[in-house]
Amino acid sequence: MEIVIRAAVLFLFLWVITRVVGRSTVGELSTFQLVLYIVMGDLVQQGVTQQDYSVTSAVLAVGVFALLTLALAWANARFPRVRGVTHGVPVIIVRDGVPDSDRLRSERMSLDDLMADARQKGIRRFDEIELAVLETNGRVSFFIRAGGPTEGAPEQPGIT
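This one's a predicted model, so the numbers in the text were calculated from it and none came from an experiment.

Chemist: Which residues make up helix α6 (residues 111-120), and what values do they have?
Modeler: Within α6 the residues assigned to the buried category are Leu 114, Met 115, Asp 117 and Ala 118. End-on view of α6: buried residues confined to an arc of 155°, all on one side of the axis. Across from the buried face of α6, at angles greater than 90 degrees, the exposed residues are Asp 112 and Gln 120. Its buried side turned inward, α6 meets β1 (91-95), β2 (98-99), α5 (101-106), β3 (129-134) and β4 (140-144).

Chemist: Before we move on, could you go through the packing of aromatic side chains and cite the residues and values that matter?
Modeler: Applying the stated criterion across every chain yields a total of two aromatic pairs. Pairing Phe 11 with Phe 65 gives two aromatic rings, centres 5.5 Å apart and planes at 90°, and the pair type is edge-to-face. Pair noted here: Phe 11 is in helix α1 (residues 2-21) and Phe 65 is in helix α3 (residues 55-78), with a separation of 54 residues, a long-range link. Phe 65 gets classed as partly exposed once you look at its relative accessible area, which sits at 22%.

Chemist: Break down the pairing of β1 for me, citing the residues and quoting the values.
Modeler: Pairing between β1 and β3: four bridges, direction antiparallel. Looking at the pairing, Val 91 lines up with Leu 134 of β3. Linking β1 back to β2 in an antiparallel pair, the connection comprises two residues, with Asp 96 at a positive phi of about 55°.

Chemist: Describe the nonpolar core, and please don't skip the residues or the numbers.
Modeler: In this structure, Ile 93, Leu 114, Ile 129, Ala 132, Val 140 and Phe 142 are the most contacted members of the largest nonpolar core, which totals 15 residues. Of all the secondary structure elements, the ones that give two or more residues to this core are β1, α6, β3 and β4. The residues touching Ala 132, leaving out its near neighbours within four places in the chain, are Val 91, Ile 92, Ile 93, Val 94, Val 140, Ser 141 and Phe 142.

Chemist: Let's hear about the confidence of the model for the chain: which residues, and what values?
Modeler: Low pLDDT means the predicted coordinates in that region are not meant to be read closely. Averaged over every residue, the pLDDT of the chain is 79; residues scoring 70 or more account for 80%. This model gives residues 149-160 a pLDDT under 50, and the stretch forms 20 contacts once residues within four places in sequence are excluded.

Chemist: With reference to specific residues and values, describe the pattern of salt bridges.
Modeler: In total, this model carries three salt bridges according to the counting rule given. As a salt-bridge pair, Arg 6 and Glu 2 come within 3.1 Å of each other at their nearest N and O atoms. With Arg 6 and Glu 2 both in helix α1 and four residues apart, the pair spans about one turn of that helix. For Glu 2, a relative accessible area of 49% puts it in the partly exposed group. For Asp 127, the salt bridge identified is with Arg 125, shortest N-O distance 3.2 Å. Exposure remark for Asp 127: the relative accessible area of 5% places this residue in the buried category.

What counts, and at which threshold
Residues numbered from 1 in each chain as written. Predicted model: local features only at pLDDT ≥ 70, side-chain atom pairs only at ≥ 80, totals over all residues. Heavy atoms only, no water. Buried < 20%, exposed > 50% of the residue type's maximum accessible area, 1.4 Å probe, protein only. Helix = DSSP H or I, 4+ residues; strand = E, 2+ residues; numbered from the N terminus. Arc of directions from axis to C-beta. Contact = heavy atoms within 4.5 Å. Phe/Tyr/Trp six-rings, centres within 6.5 Å; stacked < 30°, edge-to-face > 60°. Pairing = 2+ DSSP bridges. Core = buried A, V, L, I, M, F, W, Y, C linked by side-chain atoms within 4.5 Å. pLDDT = per-residue confidence, 0-100. Salt bridge = Lys/Arg side-chain N within 4 Å of Asp/Glu carboxyl O.

In C-alpha cells form, the structure reads like this:
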C-alpha cells in the first residue's frame, strides 16, 4: 500500500512541476530540459519504490500512474471546467499587431521566440498579425489581417 501512496504523491508532484515549467512541446525542449526530465523519471522511480526492484513494485507503481492518467483524462472529458486547471487555457499574446509584454513575460516567452514562430508562418512583422494565441500545447496560432498590414504603419522588428 505504501507504494501506491508514494506513486500517487509523486504523480501529483510531477503534474504540478510540468504545469509550472510552462507550455512547450517535446520538440521545443532544450537538450538540458530533456535530460532533466529523463533524470526526474529515474529519481521518481527511486522515490516510489525505495530501491525495491521487484516486478510487483514496478507493476504497481506504473499501474498507479496509468490509473491516475486515465482518471485525469476522464475528468477532463466529463467536467469541462477541470480542463482549464489540468491543461491550461489558450491566451492571447498579440492583438492588432501589438504584443502583450506582460502576458509574454508571465508565459516566459520572449519577443524573439514569438517572431521566430511568426517567421515560420511567413509573417515578417508584428503589424501583419491581427491576433496570436498561445495554445495549451505551447504552439502559437496566428490570425493574419485580411487586407495585410495597415497602410502607413510604422516598421516593426522582424527579419533583418
